[in-house]
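# A look at the structure
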Number of protein chains: 2
Amino acid sequence: MGSLESEFFTMSKSVDSKEFKPLDPEEFREKAHKAVDFIADYYKNIENYPVLSQVQPGYLRNRLPKTPPNTPESFDIILRDVQNDIIPGMTHWLSPNFFAFFPATVSSAAFVGEMLCNCFNAVGFNWLASPAATELEMVVMDWLATMLQLPKSFMFSGSGGGVLQSTTSESILCTLVAARDRVLEEIGVQHIGKLVVYGSDQTHSTYMKVCKIAGIHPHNIRSLPTTVEDDFSLSPRLLRKVIEADVAQGLVPLYLCATMGTTSTTAIDPIKHLANVAVDYRIWIHVDAAYGGSACICPEYRHFLEGVELVDSLSLSPHKWLLTYLDCCCLWVKNPNLIVDSLSTNPEYLKNKISESDSVVSYKDWQVGTGRKFKSLRLWLILRSYGVTNLQNHIRTDIQMAKMFERFVRSDPRFEITVPRRFSLVCFRLKQFNGFDSAYIELLNKMLLERVNSTGRVYMTHTVVGGVYLLRFAVGATLTKDCHVVAAWELIKETTDALVKECYA
Amino acid sequence: MGSLESEFFTMSKSVDSKEFKPLDPEEFREKAHKAVDFIADYYKNIENYPVLSQVQPGYLRNRLPKTPPNTPESFDIILRDVQNDIIPGMTHWLSPNFFAFFPATVSSAAFVGEMLCNCFNAVGFNWLASPAATELEMVVMDWLATMLQLPKSFMFSGSGGGVLQSTTSESILCTLVAARDRVLEEIGVQHIGKLVVYGSDQTHSTYMKVCKIAGIHPHNIRSLPTTVEDDFSLSPRLLRKVIEADVAQGLVPLYLCATMGTTSTTAIDPIKHLANVAVDYRIWIHVDAAYGGSACICPEYRHFLEGVELVDSLSLSPHKWLLTYLDCCCLWVKNPNLIVDSLSTNPEYLKNKISESDSVVSYKDWQVGTGRKFKSLRLWLILRSYGVTNLQNHIRTDIQMAKMFERFVRSDPRFEITVPRRFSLVCFRLKQFNGFDSAYIELLNKMLLERVNSTGRVYMTHTVVGGVYLLRFAVGATLTKDCHVVAAWELIKETTDALVKECYA
């Protein structure tokens, strides 16, 4: 990693500028082919790496020079450094032994889709900046809406429409601001401090952050408690009670984020019943279906979206379960005009006759930033390369594997399933035995997790719900097969055997 | 593009799930190699396409089926459709004849860097989720800070630090919220309506949008007028006057966005003098150097950042001029703790000992969303593959080409340079001649632009500053060489000849 350690400015000398061709097609071809083989080999050998990185903080900073090199280094040397310096510091999200968080799923089709997106490097802020980028996104968003059996009110072929955002956070931010501005238009901007937003204690942590970003008074962010008895889903009755108390205080209910598959346990808020409460108060209802939504391309899971016709917006992140690679979050809205009212800009230098005519969508007005990539190519490639049937079976296969793991857990009397499994996440733990108190059992669960992860053979994570520490086993990494689930369970069982033995020692 | 038009759910039949391997390494290898050749050929032949797309609204929606296919389609067929259906709808941002907006620059090194980023598909929300992703970003942000001769107060090796955002909008949003929360902490959240933010009428249009997103009262967003006499740069004297008036009214000055290279004309706000005003009022000063900042890796342009040691944050978008492909926006901040105070989340399921110990950076707390890609690989690949010297010369070469175009314009008495050229953007127009009034001259300039763009041989855009309509010729698309600038000028001249002839006809 040759580099000068300091004073590299004084070293600058003139290089014949004609020699520097950063996009020579033949050099591009050579480098990119090399990268393809490097990546294909990485995928082939991925099981050889410890799934959770074993390095210590600072490991990489200590290996790299303090300043960038003045002169070129070869791609071969850089690839060698990726292998030797970067890969040891990776937690391998694509390993078939990755059962942590939620999987970040991928596919060959999405990879080449992203290559094509980068190929064009079009900045699709408005239609003219690349008509295909705008139009394909509209088509693909309608396609996916059809697969989810969303009502026409969310589709361009109906009265709504969809847009690709990077993250759920951005989707919530854009809709929240639209909802906020609609209400402030009526009550006056000086009353921003009266606006109240609602979610549950299981709503994604980013919700509170995004509400604060949008200027919602932190005291007005309601995080309603859920209980194990309700499987950690938000109670419509409680929601009404809290809203009524707020209204009685002169506050203005604004926005509800319901979750279809929470991050901790994939709990499901009852969209229809919550919506029936919220509409009474003209609250904007958003459904965060980041993970769970993908399952609804299978008819047998579609009922989890019951009531979606009553809500204002819905987001779903295909990077979680629909094989897209990062980042890809779909947002559908019933009334795109409200988003555009809040987020539109109209600088002179972007004006053109077609956009002025309002006959086309300007996606820059549906998002926070101005610039945007040709994001829909990945989804288009996935839908066409695999077809709906394969994608449905992909969801089903993951759920089957989770069910298998669930059976393993149930077959071992030392364990319990702590929260009912909905999709492909299993929440379980060592249950109380031998009269050990709950603090000791929690400690044992923590030790079990740490020992399993430290082997590098499996990576899973934990959460705490209703005061209970539990282990999360999220099936669905793209390369995971039955055998990996079986091996993971064997490791968990053996580690438990050892732990329990130590308890009695 | 075979697809069923409706009722595809009823067609779903069980497919042997074992057949569906979305990430089979050998299939990946085959598809990705094909994509590489497709892209290399596209770059080789890019000049054959009209740079500005010639399609009409709706062209693509009309060609595509209404629903996605149920069964797989081959990659060859999809690539054929990219060629036949997508490419005609592209405005070719990477064409050497693209002189519109600002260029979106690219390189072979960045392309393979992005391939490697996607390869890992790591979700780097905190250190443990992929130590290399966090650490390389810290290293690369310090490297680039060194190249820009930023003070240590913006570097991890000093007391600050940098982070990769997607867009300038996001960079401004994060710093604005940090600034806002610091002040609200003191004056109370109920006083959010008193906060005032400052920019000029040349500040990027996203600034006003972002301020509104953050809950700044729209009446409190000051867009200070600039003048042609000041080359459209923000006047420190005017800033002080406006701030004093706000303070006198009981308002609270919060945030100033100074621009180093505005979007319309690359005007430069005097950072040092503005900062000297703003610090008197404890205003957070942000420098938006999205485009112009890259030039400052050359010592001879570094003076444009004079005073940067006085500001709180600085953003620069390498996707504009440092060959990275989209999206890549660097944000440096002096006091990362303020960002983290506003944007941190701490859900149980992301907790781990190392992050709890505060010994490592959790980049999720430096941005809006939670998930994030391994973004620094692209910049690392660029810096190492080319070295600082080549990158400096790349900047210089672009500016040389712009200077050449500027000379062409000056050599033709029908034209004028309307705003002084700073970097590689030339702002020019047909000037008044033959006693035509200014409205007619504006019309002629509009006609000139439209005719040039409609040839498909060149794409440039326009702006209006100080009430004057002018043409923008932005040099710097990665493949642009002298000959393309010469040909563009020839086309502009010939088109003008024809136009002028018609005026007299």
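Under an unreviewed UniProt entry, chain A has the name Aromatic-L-amino-acid decarboxylase and belongs to Cynara cardunculus var. scolymus. Annotation of chain A in UniProt includes, under Cofactor (unreviewed entry), the sentence "pyridoxal 5'-phosphate". Per its UniProt entry, chain A bears the Sequence similarities (unreviewed entry) comment "Belongs to the group II decarboxylase family."

Right, let's talk about the overall build of chain A for a bit. Regarding its fold elements, chain A presents 15 helices and 11 strands. Expected size for 505 residues packed as a compact globule is a radius of gyration near 23 Å; at 25 Å, chain A falls within 12% of this value. Partitioning the contacts of chain A with sequence separation of at least 6, the portion at a separation of at least 24 is 76%. Counting only carbon and sulfur atoms, one obtains 51% of the accessible surface of chain A, whose full area is about 16,500 Å². The averaged location of the 54 negative side-chain charges in chain A is 2 Å from the averaged location of its 50 positive side-chain charges.

Okay, helix α13 (residues 376-411) of chain A next. Residues and elements named next belong to chain A. The end-to-end C-alpha distance of α13 is 44 Å, clearly below the 52 Å that 36 residues give at a rise of 1.5 Å each. At G387, α13 is deflected by roughly 90°, the largest bend along its length. Within α13, 28 of the 36 residues are buried, which leaves the element mostly enclosed by the surrounding structure.

All names here are of chain B. Burial analysis of strand β1 (residues 161-165) places 5 of its 5 residues in the buried class, the great majority of the element. Both β1 and strand β7 (residues 329-333) contribute to a ladder of 5 bridges, which runs antiparallel. Residue pairing in the sheet places V163 in a bridge with L331 of β7.

What follows concerns the interface of chain A and chain B. With 165 residues of chain A at the contact, the number on the chain B side is 165 residues. Approximately 14,900 Å² of surface area, both sides summed, lies buried where chain A meets chain B, with 67% of it carried by carbon and sulfur atoms. When residues of chain A are sorted by the area they lose upon contact with chain B, A:L23, A:Y349 and A:R384 head the list and together hold 6% of the total. If you look at where chain A meets chain B, you find 14 salt bridges.

With that out of the way, let us pick up the UniProt feature "modified residue: N6-(pyridoxal phosphate)lysine" (unreviewed entry) in chain A. All names here are of chain A. Per the UniProt annotation, the sites labelled "modified residue: N6-(pyridoxal phosphate)lysine" (unreviewed entry) are K320. Of note, K320 is situated in helix α10 (residues 318-321). Apart from residues lying up to four places away in sequence, K320 is in contact with F102, P103, T105, A290 and Y291.

The domain architecture assigned to chain A consists of domain 1 (8-89), domain 2 (163-343) and domain 3 (388-504). Of note, the centres of domain 1 of chain A and domain 2 of chain A, computed from C-alpha atoms alone, are 42 Å apart.

The subject of this paragraph is the environment of B:S313. Residues and elements named next belong to chain B. Looking at the secondary structure, you find S313 in strand β6 (residues 313-316). Remark: the alpha-carbon pair of S313 and V333, spanning 20 residues in sequence, is separated by 4.4 Å. Ignoring any residue separated from it by four or fewer positions in sequence, one finds S313 in contact with F154, T175, W284, I285, H286, V287, L331, W332 and V333. At 2.8 Å, the side chain of S313 forms a polar contact with the side chain of W284.

Counting 263 residues, the largest nonpolar core has A:W332, A:W380, B:W332 and B:W380 as its most contacted members. If sequence neighbours within four positions are ignored, A:W332 has contacts with A:M141, A:L144, A:A145, A:L148, A:L150, A:F154, A:G161, A:G162, A:D312, A:S313, A:L314 and A:L316. In terms of nonpolar packing, the next biggest core, distinct from the first, is built from 72 residues, A:I339, B:I216, B:C257 and B:L331 among them.

Two elements in contact, α13(A) and helix α4 (residues 75-86) of chain B, have axes separated by 10 Å at closest approach and are oriented at 140°. Between α13(A) and α4(B), the angle falls in the class oblique. The two elements α13(A) and α4(B) cross, and the hand of that crossing is right-handed. Every residue of α4(B) that contacts α13(A) at A:W380, A:L381, A:R384 and A:S385 is listed here: B:F75, B:I77, B:I78, B:D81, B:V82 and B:I86. For the contact of α13(A) with α4(B), the class distribution of residues is 7 nonpolar, 1 polar and 2 charged.

Attention now goes to the relation of the copies chain A and chain B. For the pair of chain copies, the relating transformation is a rotation about an axis with a translation along it. Between the two copies, chain A and chain B, the superposition gives an RMSD of 0.0 Å; the rotation angle is 180° and the shift along the axis is 0.0 Å. The two molecules are tied by a two-fold rotation axis, judged by turn and shift. Interface overlap between copies: 100% of the residues of chain A at the interface are likewise at the interface in chain B, consistent with a symmetric, same-surface contact.

Residues at a pLDDT of 70 or more form 96% of chain A, whose mean pLDDT is 95. Counted against residues more than four places away or in other chains, residues 1-17 of chain A, with its pLDDT under 50, gives 45 contacts.

Below, the discussion takes up the sheet that holds strand β5 (residues 284-288) of chain B. All names here are of chain B. Taken in spatial order, the 7 strands of this open sheet run β1-β7-β6-β5-β4-β2-β3, and their pairing is mixed. For this open sheet the edge positions go to β1 and β3 (221-224), each flanked by a neighbour on one side alone. On average, each strand axis in the sheet is tilted by 20° relative to the strand beside it, whichever way the strands run. Pairing geometry for strand β2 (residues 195-200) and strand β4 (residues 252-259), over 4 bridges, is parallel. Among the inter-strand pairings, V196 is bridged to a residue of β4, identified as P253.

Attention shifts here to the packing of helix α7 (residues 168-187) of chain B against helix α8 (residues 205-213) of chain B. All names here are of chain B. Here α7 crosses α8 at 40°, and the two axes come no closer than 9 Å. The orientation of α7 relative to α8 falls into the category oblique. Helix-helix and strand crossings are classified by hand; for α7 and α8 the assignment is right-handed. Along the contact surface, α7 presents S169, I172, L173 and L176, while α8 presents T206, Y207, V210, C211 and I213. Classifying every residue of the contact of α7 with α8 by side-chain character gives 7 nonpolar, 2 polar and no charged.

Attention shifts here to the sheet that holds strand β10 (residues 461-465) of chain B. Residue and element names in this part refer to chain B. Across the sheet, 4 strands lie side by side as β8-β9-β11-β10; this open sheet has antiparallel pairing. Looking at strand neighbours, the two that pair on one side only are β8 (415-419) and β10, the edges of this open sheet. Strand after strand, the sheet turns through a mean of 45° between neighbouring axes, direction not considered. Here β10 runs beside strand β11 (residues 468-474); their pairing, made up of 5 bridges, is antiparallel. Bridging from a neighbouring strand, H462 pairs with L471 of β11.

Every regular strand shows the same layout, with side chains that alternate between the two sheet faces. Residue and element names in this part refer to chain A. Across the 6 residues of strand β9 (residues 425-430), 6 count as buried, placing the element largely inside the fold. Here 4 bridges tie strand β8 (residues 415-419) to β9, and the two strands are oriented antiparallel to one another. Residue E416 lies in a different strand from β9, and its bridge partner there is R429. Joining the antiparallel neighbours β8 and β9 is a turn of 5 residues. When β9 meets strand β11 (residues 468-474), the two strands line up antiparallel, connected through 4 bridges. Pairing of L425 across the sheet is with A474, part of β11.

Conventions we followed
- Position labels on residues start from 1 in each chain and follow its written sequence.
- Following the order in which they are written, the chains are lettered starting with A and the ligands numbered starting with 1.
- The model is predicted, so local features are restricted to residues of pLDDT at least 70 and side-chain atom pairs to those at 80 or more, both for listing and for counting; the totals for chains, interfaces and linings are taken over all residues.
- With hydrogens and water set aside, each side-chain value is computed from the structure's full complement of heavy atoms.
- UniProt positions are given in the numbering used here, feature names are shortened, and annotations may be inferred rather than shown by experiment.
- Secondary structure counts use DSSP, requiring at least four H or I residues in a row for a helix and at least two E residues in a row for a strand, with both numbered from the N terminus.
- For the radius of gyration, the atoms used are the C-alpha atoms, and the globule rule reads 2.2 Å times the number of residues raised to 0.38.
- Contacts are assigned to residue pairs with any non-hydrogen atoms lying within 4.5 Å of each other.
- Only the protein chains shown count as cover for residues, and all accessible areas are computed by the Shrake-Rupley method using a 1.4 Å probe.
- When charges are counted, neither His nor the chain ends are considered; positive counts come from Lys and Arg and negative counts from Asp and Glu.
- The location of each charge is read from NZ of Lys, CZ of Arg, CG of Asp or CD of Glu.
- One less than the residue count of a helix, multiplied by 1.5 Å, gives the span that helix is expected to have.
- Throughout, the bend at a residue refers to the angle made by two axes, fitted to the seven residues ending there and to the seven starting there.
- Each residue is assigned to one of three classes by its accessible area relative to the maximum for its type, calculated with a 1.4 Å probe on protein chains only: buried under 20%, partly exposed between the two thresholds, exposed over 50%.
- Two strands are said to pair when DSSP picks up at least two bridges between them.
- In short, buried area is how much 1.4 Å probe accessible area vanishes from two parts on joining, totalled over both.
- A pair is scored as a salt bridge if a Lys or Arg side-chain nitrogen falls within 4 Å of a carboxyl oxygen belonging to Asp or Glu.
- Annotation comment: domain bounds sourced from an automatic or database domain assignment.
- Counted as a polar contact is a pair of N or O atoms within 3.5 Å, where, for protein atoms, one must be capable of donating a hydrogen and the other of accepting one, and residues adjacent in sequence contribute only when both atoms are in side chains.
- In these notes, a set of buried Ala, Val, Leu, Ile, Met, Phe, Trp, Tyr and Cys residues joined through side-chain atoms within 4.5 Å is what counts as a nonpolar core.
- Working convention: axes come from line fits to C-alpha atoms, limited for helices to the stretch in contact. Angles between N-to-C directions cover 0 to 180 degrees.
- Throughout, the term roughly parallel applies to angles under 35 degrees, roughly antiparallel to angles over 145, roughly perpendicular to angles from 65 to 115, and oblique to all others.
- The sense of a crossing depends on the near helix, which, turned anticlockwise from the far helix by less than a right angle, makes the crossing left-handed and, turned clockwise, makes it right-handed.
- Classification used: nonpolar for Ala, Val, Leu, Ile, Met, Phe, Trp, Tyr, Cys and Pro, charged for Asp, Glu, Lys and Arg, polar for all others including Gly.
- Residues below a pLDDT of 70 in either copy are left out; the C-alpha atoms of the rest, at least 70 in both, set the least-squares superposition of the copies.
- The predictor's confidence in any single residue is recorded as pLDDT, a number from 0 to 100.

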